[in-house]
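Descriptive analysis of the structure
Here are the chains, one letter per residue:
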Amino acid sequence: TITGNFANVIHGLNANHLTDQVIQRSKRMILDTLGVGLLGTNTEVCHKVTQYSKIYSSDISSTIWGHSDFRLPPLYAAFVNGVAVHSMDFDDTWHPATHPSGAVLPAVIALSEAFPQKKKISGLDLLLAFNVGIEVQGRLLRFSSEARNIPKRFHPPTVVGTMGSAAACAKLLALDQSKCKNALAVAASYAGAPLANAATQTKPLHIGNAAKHGLEAACLASQGLQGNKQILDMESGIGAFYTDYNPQTLPTLQSYPWLLDQQDVAIKRFPAHLGTHWVADAASSVRRKLVESSDNLLPLHKIEKVILKVPEVKYVNRPSPTSEHEARHSFQFVACSALLDGSMSVQSFNSENIHRPALRELLCKTQLEHPPDNTPSFDSLYCEVSVTLQDGNTISDCCDTFYGHWRKPLKKEDLEKKFQSNASSTLSAEATEGIIETVYNLEKVEDCSVL
Amino acid sequence: PEETVTSSFASFIREVRPEHLSKTVRHRSKRMILDSIGVGLVGSTTHVFDLALQYCRELYSSVAVSSVYGKPGVKLSPTLAAFTNGVATHSMDFDDTWHPATHPSGAVLPALLAASQMLPPSTKPNGMDFLLAFNVGLEVQGRLMHFSTEAHNIPKRFHPPSVVGTLGSAAATAKLLSLSTAQCAHALGIAASLAGAPMANAATQAKPLHIGNATRLGFEAALLAARGMEANPLILDDIPGCSGFSVFYSIYQPKPLSTPSDHHEFLLEKQDIAFKRFPAHLGMHWVVDAALSVRNLFINYAGSFSPSLIRTIVLKIPVSKYINRPFPSSEHQARHSFQFNACAALLDGEVGLSSFKESSIHRQELRELLDKVVVEHPEDNVANFDKMYGEVALLLHSGDVLTGKCDTFYGHWRKPLSKESLLKKFRSNASHVLPEEKIETIITMVENLENLSDSSQL
């Protein structure tokens, strides 16, 4: 069965199977995710879930990233850290679409902290488990053609992310084949949240819950709980989340072809939905052309209208966002913001900036168009920004691959810069450098709890 | 602002009052509460329950204020107690079933019990508040199921308790905690992101988790909403291109709930619940009653039950993959097997708790009978708990044919269990873990629930 095959692979993969590229890419993902998570612990949504989770303190415990003042049981640490990672929509995105790292890293870190003294987990164990979690997600996404496009029904991290977390934790716990199957089966019963909660404060919980529930499934399986051993094979299993479902067995372990080798992730440069990154790059470039011809100031009053040619993605089409969550899911907002400021940053989404009059004015002049050749897939979409001036001139630019996309990955310096900027919100400079060091040398770390 | 479906639900949850509960509704819901507790108590003796309890105890300890069925000394944190008790309730598939199909009480009661223990003495809900909150939980589940015609038949994709049960629990807890209308809406929204488990895990040990999680996660959603967490305020409405609750159905037509004016009619008023007489999937109950009736005919015919005289056993049942199992090998599978339940009824003259023990399942005589079973799916036998029937025909070697048919089993909403039968079931279940006086106390308490001053006593 496919389920049995997955269990065999999860069980059978070991450190020797990791290729250099996979190691390098996954370390970048780990670093980025940690930074995004550290930054995220300052958000309101994260404060709320932390307060909530404090109900459950106990003996076995794991840390909240960046806050050593208290500990939580591993499940809730995974939950809170997962929420932190996705709280600002700043975490990585893959193709087919999901946010792979946020569903896995918090769970494996929390779990590794919970191991008793005598059974240390090494950096390599962590790296391997992390990659198992990513790989399972990627493979599951390929079982349905629906998954190729930007989602409409279920938010992918809640479907495949939960499964990935379960797989990663099962790996870290060194569960046998049978228990790996059960971990996947139990996880399936936790999977699936509807897209409607995207662009609301609840969305970050999707990643938090994926991490937490995957971990829980693995723990329950470890204790002997059994589920349907054909959960990946059946239409009434994971197939329930898709309208077309065609599962396939994984390749043999003999020189295992990791998906991360063939397909890199996109790392975000600013905290908003991935679709807005194309818009930002195009808008910034249009702005440069505009200010050239008028002393470096954006001639707001001369702008007649702004047209954005984007793919049709309902939940990122918001002409007039009022909250930060909505602003992060608005083509219009990001375009106007980038036109005004030249670039996007974490600050672009704070309250004052969302409500500034200049921005509101520009938003009123903004329209969307959906050219039929602009498919809603992160691999093929493009964005064109056209600014028409009162004198009739039109300045436009098109972006088909933004900087940070897998076709144009962030350079090492820029990845580190993002991390440093994020981490500095909660950690000291040396702690920040320490983490960078540790992650880069993860394979050699003997006891990954230093992380 | 324009009334959305979601806000109508939130308003309902917030505004409904005890006075809105009719007599029938109060009576029926008290029966449900009693049955659910009993089923949970006996469920606390199962293996899956042990696993869940062990899990919760290992990982958590603080703020342990909520009790666990059948374990007097043990206390857990509220949501985990709800989880554990929910698992207990569904562990043997012995809990109630409604139409459209779901297991309503198990998804709601554990959360309410845990929540009422959680609240400080000064704000403890009384019995009436409790009963009201319970009914809010049921009503929301029922209304949600009416949003899709898919829900009328036995499910194929998502296990209904994991879909509507989670929202029912959120609604009930929100009511008990007296959340504001806006918070009620958010509780539903957050709960939607925690809902939905696929059918494939039915007939496995993981199925009880569906109810456990429904009640626990709905409870969590309400707690998060109470702390100010916000979700999509249109979660129940139909938004093309971006699915909300509609994601769990292929056809979805939401309708607003009327604000409870003087006369809100609860669904429980019009549509009663089915209580199970033995711990197996509801579909089994038709087949068992049919088997028992043909067994009687057979005994009259042959003097005693002699399996060797039987050539073939024909079962006429509706089409439903997950309950059609010719040779179940575990108790979970046996509870979801038309064939097994028919044969057990034929062989033993009754089906009860012990029918599903390992030794029972693997009996030689039973296996021999199973070998003779043939299944047919007549076109008029619809996979729907309101319309289906079960027919058992014995084709004897002599050429004679004896038939038994059941279209409404005893315990079904059209033929509800009498008060005595319900109490008998409760006493039998509870006696596995509680002493007699405690059992009688619970019975009395539930009967007089409206007058109870502090529902956490329950």
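As the structure is a computational prediction, the values presented were derived from the model and not from experiment.

Another aspect to go through is the overall build of chain A. A tally of helices and strands in chain A yields 17 helices and six strands. Taken over C-alpha atoms, the radius of gyration comes to 22 Å for chain A, in line with the 22 Å a tight globule of 451 residues would show. Principal-axis analysis of the C-alpha atoms gives chain A an extent of 70 × 50 × 40 Å. Summing over all exposed atoms, chain A offers an accessible surface of approximately 15200 Å²; the carbon and sulfur share of this is 48%. On chain A, the mean spot of the 41 positive side-chain charges and the mean spot of the 45 negative ones are 2 Å from each other.

The next point concerns the nonpolar core. If you look at the biggest cluster of nonpolar residues, it comprises 199 residues, and the most contacted ones within it are A:Leu34, B:Ile13, B:Ile33, B:Leu167, B:Ile190, B:Phe245 and B:Phe248. No other element matches helix H6 (residues 127-145) of chain B, which puts eleven residues into this core. In this structure, B:Phe248 is in contact with A:Phe154, A:Gly192, B:Glu150, B:Arg157, B:Phe158, B:Val163, B:Ala192, B:Ala195 and B:Gly196, ignoring residues within four places of it in sequence.

Attention now moves to the interface of chain A and chain B. Opposite the 54 residues of chain A that make contact, chain B presents 54 residues. Taken together, both faces of the contact between chain A and chain B bury some 4500 Å²; the carbon and sulfur share is 58%. The partner of B:Arg216 in a salt bridge is A:Glu216, with the nearest N and O atoms 2.8 Å apart. On the surface where chain A and chain B come into contact, there are 25 residue pairs in polar contact (both at pLDDT 80 or more). Where the side of chain A that touches chain B is concerned, the elements lending two or more residues are helix H3 (44-53), helix H4 (74-86), helix H8 (177-188) and helix H9 (203-222) of chain A. Broken down by element, the residue count for the side of chain A that touches chain B peaks at eight residues, all from H9(A). Looking at the side of chain A that touches chain B residue by residue, the class counts come to 28 nonpolar, 19 polar and seven charged.

A few words now on the domain arrangement of chain A. Residues and elements named next belong to chain A. Its domain assignment divides chain A into domain 1 (2-269 + 409-450) and domain 2 (274-399). Its C-alpha centre places domain 1 at a distance of 32 Å from the equivalent point of domain 2. Buried surface at the junction of domain 1 and domain 2, summed over both partners, amounts to about 1700 Å²; 64% is from carbon and sulfur atoms. Of all residues in domain 1, Ile150, Ala199 and Arg269 bury the most surface against domain 2, accounting for 36% of the area lost on that side. Where domain 1 touches domain 2, the interface holds one salt bridge. Arg269 is the salt-bridge partner of Asp281, the closest N and O atoms lying 2.9 Å from each other.

Definitions and cut-offs
- Residues numbered from 1 in each chain as written.
- Chains lettered and ligands numbered in written order.
- Predicted model: local features only at pLDDT ≥ 70, side-chain atom pairs only at ≥ 80, totals over all residues.
- Heavy atoms only, no water.
- Helix = DSSP H or I, 4+ residues; strand = E, 2+ residues; numbered from the N terminus.
- Rg over C-alpha atoms; globule rule 2.2 N^0.38 Å.
- Areas by Shrake-Rupley, 256 points an atom, 1.4 Å probe, with all protein chains shown as cover.
- Lys, Arg positive; Asp, Glu negative; His and termini not counted.
- Charge placed at Lys NZ, Arg CZ, Asp CG, Glu CD.
- Core = buried A, V, L, I, M, F, W, Y, C linked by side-chain atoms within 4.5 Å.
- Buried < 20%, exposed > 50% of the residue type's maximum accessible area, 1.4 Å probe, protein only.
- Contact = heavy atoms within 4.5 Å.
- Buried area = accessible area lost by both parts, 1.4 Å probe.
- Salt bridge = Lys/Arg side-chain N within 4 Å of Asp/Glu carboxyl O.
- Polar contact = N/O pair within 3.5 Å; in protein donor to acceptor, adjacent residues only side chain to side chain.
- Nonpolar A, V, L, I, M, F, W, Y, C, P; charged D, E, K, R; others polar.
- Domains from an automatic or database assignment.

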